[in-house]
Amino acid sequence: MRLSLIRHTKPRVDEGVCYGQADLPVDEESFEEEAKLVDQHLTSSVEVFWTSPLIRCRRLADYLCAVRNRPLHVEPLLKEMNFGRWEEKKWTEIPRSETEPWIENMATHAPPEGESLGDLVDRLKLLLRRWKGLPYHHVAAVTHGGVIRILLSLTQQKDLSSCMEIPVLYGTCHETVLV
């Protein structure tokens, strides 16, 4: 199955704010232009769209489904990493005593009341197992930067330790294959 992994358009949020599962709106000034560019980069072979339920993804998915007349499935497993109590705080306001252990071992250490990178990986492995059983040849998923990085690493059998270094800009599409 071919997967087109699409990062949501620019959200309306201040620079330097930690947001994962915070339900942020899109930047209205740039949304339409960014959405049109995403649509131009997708091939006509997309059969179905899946999306994170967070509004910054849902808005783009609704747009693409309307333009292409394709069905949409809302999937909670496509949500970004849960940063718990860090959500919507500036990174500079989060105590280093909390962030340092997380930075040293993201795989097993979670932000307070959040999830670890390992938890997110497990969640996305479950989603990939579900997708393998689908009758589609080409699925597009509107989701988040961290999710895309992990899905690319998993589908391309790359080392997860460096997945966060993969550049994933707002409103970009990344192609991979699920076998």
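Preceding this paragraph is the structure being described.
Residues numbered from 1 in each chain as written. Predicted model: local features only at pLDDT ≥ 70, side-chain atom pairs only at ≥ 80, totals over all residues. Heavy atoms only, no water.

*Asks:* Teacher, can you tell me more about the packing of aromatic side chains here?
*Replies:* Considering all chains together, one arrives at seven aromatic pairs under this definition. Ring geometry for Phe-31 and Tyr-63: centres 6.1 Å apart, planes at 85 degrees, overall edge-to-face. Within this pair, whereas Phe-31 is found in helix α1 (residues 28–41), its partner Tyr-63 is found in helix α2 (residues 55–68), the two being separated by 32 residues in sequence. Through a chain of ring-to-ring contacts, the aromatic side chains of Phe-83, Trp-86, Trp-91 and Trp-102 assemble into a single cluster. Arg-59 extends its terminal NZ or CZ atom over the ring of Phe-31, reaching a point 4.1 Å from the ring centre. (Phe/Tyr/Trp six-rings, centres within 6.5 Å; stacked < 30°, edge-to-face > 60°. Helix = DSSP H or I, 4+ residues; strand = E, 2+ residues; numbered from the N terminus. Lys NZ or Arg CZ within 6 Å of the ring centre and 35° of its normal.)

*Asks:* What exactly am I supposed to notice about the packing of α1 against α2 here?
*Replies:* Think of two packed helices as two axes; the pair is described by the angle between the axes and how far apart they sit. Contact pair α1 / α2: the axes reach a minimum separation of 10 Å and the direction vectors enclose 50 degrees. What the angle tells us is that α1 and α2 run oblique. Considering how the two elements wind past one another, α1 and α2 form a crossing that is right-handed. Each of Glu-28, Phe-31, Ala-35, Lys-36, Val-38 and Asp-39 in α1 lies in contact with α2, whose residues at this interface are Arg-59, Leu-60, Tyr-63, Leu-64, Val-67 and Arg-68. Residue composition of the contact of α1 with α2, by class: seven nonpolar, no polar and five charged. (Axes fitted to C-alpha atoms, helices over the stretch in contact; angles between N-to-C directions. Parallel < 35°, antiparallel > 145°, perpendicular 65-115°, else oblique. Left-handed = near helix turned anticlockwise from the far one by under 90°. Contact = heavy atoms within 4.5 Å. Nonpolar A, V, L, I, M, F, W, Y, C, P; charged D, E, K, R; others polar.)

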